[in-house]
Amino acid sequence: MLKIGVLALQGAVREHVRCLASPDVEVKVVKRIEQLDELDGLVFPGGESTTMRRLVDKYEFFEPLQYFANAGKPVFGTCAGLILMADNIKGSPEGHLRLMDIDVERNAFGRQRESFETTLEVKGVGDDIEAVFIRAPLISNAGNDVDVLSEYDGEIVAARQHHLLACSFHPELTNDARMHQYFVQMVRESKETAADSLVTT
Amino acid sequence: MADRGTDRVKRGMAEMQKGGVIMDVVNAEQAKIAEEAGAVAVMALERVPADIRAAGGVARMADPTIVEEVMGAVSIPVMAKARIGHIVEARVLEALGVDYIDESEVLTPADEVYHLDKSEYTVPFVCGARDLGEALRRVGEGASMLRTKGEPGTGNIVEAVRHMRMVQAQVKKVVGSSKDELMTEAKNLGAPYELLLEIKENGRLPVVNFAAGGIATPADAALMMQLGADGVFVGSGIFKSDHPDKFARAIVEATTHYEDYELIGRLSKDLGTAMKGIEISNLEPEERMQDRGW
């Protein structure tokens, strides 16, 4: 059984819980840092990144979340979650958790009236993934170590760096669970690798 | 191909606001205080509801200068209010680029018969409701988000509680009804039958439902969350209090951790005076904003 948490400080938590739910995944709604210890993977949901950051600081999640990701446990961020993970944010002095070697631009497609949905090819996931973009950010630059998984209109909208997965859009607002299944597979592999290394040592 | 203004895009925007606080502001300075405190969005207004109440006369859409000033000041979404049924105010706000329009009973209605056909707009709408019938009529017209009406500008939570409990109880009843009972329920509620079927199938409202109208303290915000609100609007409560920034932060935290009573106790200390508030029974019938719209 895999235990995957959804960070529940603010935002679309319920939708991720629904998308992750499967017979071999136990989904946890995470509101306290103590809950991180038991998890094999973690999702940063969509929401308002500035609000989430304030609550991350207030409830002392900052270092535990960095520790979680730096320990090699998989993390998946959508929209605001992607912003939390990025090393650099355009127009801000520094990124939030700085987990991933990417630069992001917030609200890059414009305001709500410019928000849209489309289908995308996402490498390793599918060629017709339903994607809902809401006041979405984009990845303006990705480091050498980062695998670009999807582009829209020439801009990077999904990427993976080892155990870290991030996308600009909201797979959790659709009935298309393939992005989540891809992440669950990342978590499964990570857990098996960790178990193997435990056996060999 | 990119599709704008679809239901998923419009409703999804409201889903992202869940667990958050949307604050009324009247200028850039207040908007920045709200953003800094952790608001998920701000509502740009010319006057907060308590001042609209005090001023009397006709309340209209805010001066676009104020809306633009607020949009320029913060990176979180900006909402603005249009009068019920005022097609042109709504179109103007959409053209300005606001992220959400509140077709609001806080302003003087422009049309006493028809609400806006909100499905025609690219921008999403939030509307107030006292019960499930009203809520689903608004969703039927294209609203992407709901809120209780409460009694705005009173600092008195009782009406918001009434409306939230009413909607929750009616949703439960629909979920527990058999399909053959739903057409009669649709007739009784004055609600679209298809939406009742959708509620029965999914076990919940088709869009998020926030609390609004009378929230004045962190405990009020937490109370509404416990009653099932997806988030809260705070109008006059914050900038009519003694220490708006402290108040704003406390309300944001109480909304996140609405079941942590020790925390809410700590948050409620030394906040200074909350807004004074009005006893609902002291309002004249024509002063009741919640009775505007149908």
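Residues numbered from 1 in each chain as written. Chains lettered and ligands numbered in written order. Predicted model: local features only at pLDDT ≥ 70, side-chain atom pairs only at ≥ 80, totals over all residues. Heavy atoms only, no water.

- By the naming in an unreviewed UniProt entry, chain B is Pyridoxal 5'-phosphate synthase subunit PdxS, taken from Alteribacillus persepolensis.

- As annotated in an unreviewed UniProt entry, chain A is Pyridoxal 5'-phosphate synthase subunit PdxT from Alteribacillus persepolensis.
- Recorded in UniProt under Sequence similarities (unreviewed entry), the annotation for chain A is "Belongs to the glutaminase PdxT/SNO family."
- The UniProt entry for chain A carries the following comment under Pathway (unreviewed entry): "Cofactor biosynthesis; pyridoxal 5'-phosphate biosynthesis." (UniProt positions renumbered as here; feature names shortened; annotations may be inferred.)

1. Re the overall build of chain A
Then comes step 1: Helix and strand counts for chain A stand at five helices and 12 strands.
Then comes step 2: The C-alpha radius of gyration computed for chain A amounts to 16 Å, which stays within 12% of the reference 17 Å derived for 201 residues, consistent with globular compactness.
Then comes step 3: If you line up chain A on its principal axes, its C-alpha atoms span 50 × 40 × 35 Å.
Then comes step 4: When each of the 201 residues of chain A is scored for burial, the buried share is 54%.
Then comes step 5: Expressed as a percentage of contacts within chain A between residues at least 6 apart in sequence, the contacts between residues at least 24 apart total 63%.
Then comes step 6: Approximately 8,200 Å² of chain A is accessible, and the part contributed by carbon and sulfur atoms is 45%. (Helix = DSSP H or I, 4+ residues; strand = E, 2+ residues; numbered from the N terminus. Rg over C-alpha atoms; globule rule 2.2 N^0.38 Å. Buried < 20%, exposed > 50% of the residue type's maximum accessible area, 1.4 Å probe, protein only. Contact = heavy atoms within 4.5 Å. Areas by Shrake-Rupley, 256 points an atom, 1.4 Å probe, with all protein chains shown as cover.)

2. Observations regarding the UniProt feature "active site" (unreviewed entry) in chain A
Then comes step 1: According to UniProt, the "active site" (unreviewed entry) feature falls on Cys79(A), His170(A) and Glu172(A). These residues run over 94 residues, yet every pair of their C-alpha atoms falls within 10.6 Å of each other. Lining residues of the second largest cavity drawn from the annotated set just named are Cys79(A).
Then comes step 2: As for its placement among the helices and strands, His170(A) is situated in the loop between strand 12 (164–167) and helix 5 (178–200).
Then comes step 3: Setting aside anything within four residues of it in sequence, one finds His170(A) in contact with Gly46(A), Thr78(A), Cys79(A), Val132(A), Ile134(A) and Met16(B). (1 Å grid on protein atoms, 1.4 Å probe; cavity = no way out; pocket = protein on both sides within 12 Å on 5 of 7 lines; lining within 4 Å.)

3. Some words on the packing of aromatic side chains
Then comes step 1: Counted under the stated rule, the structure contains 10 aromatic pairs over all chains.
Then comes step 2: Their ring planes at 70° and their centres at 5.5 Å tell us that Phe109(A) and Phe116(A) sit as a pair that is edge-to-face.
Then comes step 3: Judged by relative accessible area, which is 4%, Phe116(A) ranks as buried.
Then comes step 4: Assessed through its relative accessible area of 22%, Phe109(A) is described here as partly exposed.
Then comes step 5: Through successive ring pairs, a cluster of aromatic residues spans Phe109(A), Phe116(A), Phe133(A), Tyr152(A) and Phe169(A).
Then comes step 6: The ring of Tyr121(B) carries the charged tip of Arg91(B) above its face, separated from the ring centre by 3.8 Å.
Then comes step 7: Taking NZ or CZ as reference, Arg138(B) lies 5.0 Å from the ring centre of Trp294(B), over its face. (Phe/Tyr/Trp six-rings, centres within 6.5 Å; stacked < 30°, edge-to-face > 60°. Lys NZ or Arg CZ within 6 Å of the ring centre and 35° of its normal.)

4. Remarks on the interface of chain A and chain B
Then comes step 1: Between chain A and chain B, the residue contacts involve 36 residues of the former and 44 residues of the latter.
Then comes step 2: Of the roughly 3,300 Å² buried at the junction of chain A and chain B (both faces included), carbon and sulfur atoms supply 47%.
Then comes step 3: Taken as a group, Arg111(A), Arg113(A) and Glu117(A) account for 21% of the area that chain A buries against chain B, more than any other trio of residues on that side.
Then comes step 4: Joining chain A to chain B, the criterion identifies eight salt bridges.
Then comes step 5: Scanning the region where chain A abuts chain B turns up 25 residue pairs in polar contact (both at pLDDT 80 or more).
Then comes step 6: Counting residues per element, the ones that place at least two in the side of chain A that touches chain B are helix 1 (13–20), helix 2 (49–58), strand 7 (116–122) and strand 8 (126–133) of chain A. (Buried area = accessible area lost by both parts, 1.4 Å probe. Salt bridge = Lys/Arg side-chain N within 4 Å of Asp/Glu carboxyl O. Polar contact = N/O pair within 3.5 Å; in protein donor to acceptor, adjacent residues only side chain to side chain.)

5. Points about the pairing of strand 3 (residues 41–44) of chain A
Residue and element names in this part refer to chain A.
Then comes step 1: Going residue by residue along strand 3, you find Gly-41 and Val-43 tucked away on one face and Leu-42 and Phe-44 tucked away on the opposite face as well.
Then comes step 2: Inspection of the sheet shows strand 1 (residues 2–7) paired to strand 3 by three bridges, in the parallel sense. Residue Ile-4 lies in a different strand from strand 3, and its bridge partner there is Gly-41.
Then comes step 3: Both strand 3 and strand 4 (residues 75–78) contribute to a ladder of three bridges, which runs parallel. Paired with Leu-42 across the bridge in strand 4 is Val-75. (Pairing = 2+ DSSP bridges.)

6. Observations concerning empty space enclosed by the protein
Then comes step 1: In total, this model carries three cavities of 30 Å³ or more according to the counting rule given.
Then comes step 2: Within this model, the largest cavity holds a volume of roughly 200 Å³.
Then comes step 3: For the largest cavity, the lining is made up of 23 residues, of which Asp24(B), Pro49(B), Ala212(B), Gly213(B) and Gly235(B) are closest to its centre.
Then comes step 4: Breaking the lining of the largest cavity down by element, the ones donating at least two residues are strand 5 (100–104), strand 9 (232–234) and helix 11 (236–239) of chain B.
Then comes step 5: Residues of the lining of the largest cavity, tallied by class, amount to nine nonpolar, eight polar and six charged.
Then comes step 6: Each pocket or cavity is described by its volume, and for the second largest cavity that value is around 130 Å³.
Then comes step 7: As for the second largest cavity, its lining consists of 13 residues, and the residues nearest its centre are Gly47(A), Glu48(A), Cys79(A), Asn107(A) and Arg135(A).
Then comes step 8: Per-class residue counts for the lining of the second largest cavity are six nonpolar, four polar and three charged. (Points joined across faces, edges and corners; volume = space filled by probe spheres on them. Nonpolar A, V, L, I, M, F, W, Y, C, P; charged D, E, K, R; others polar.)

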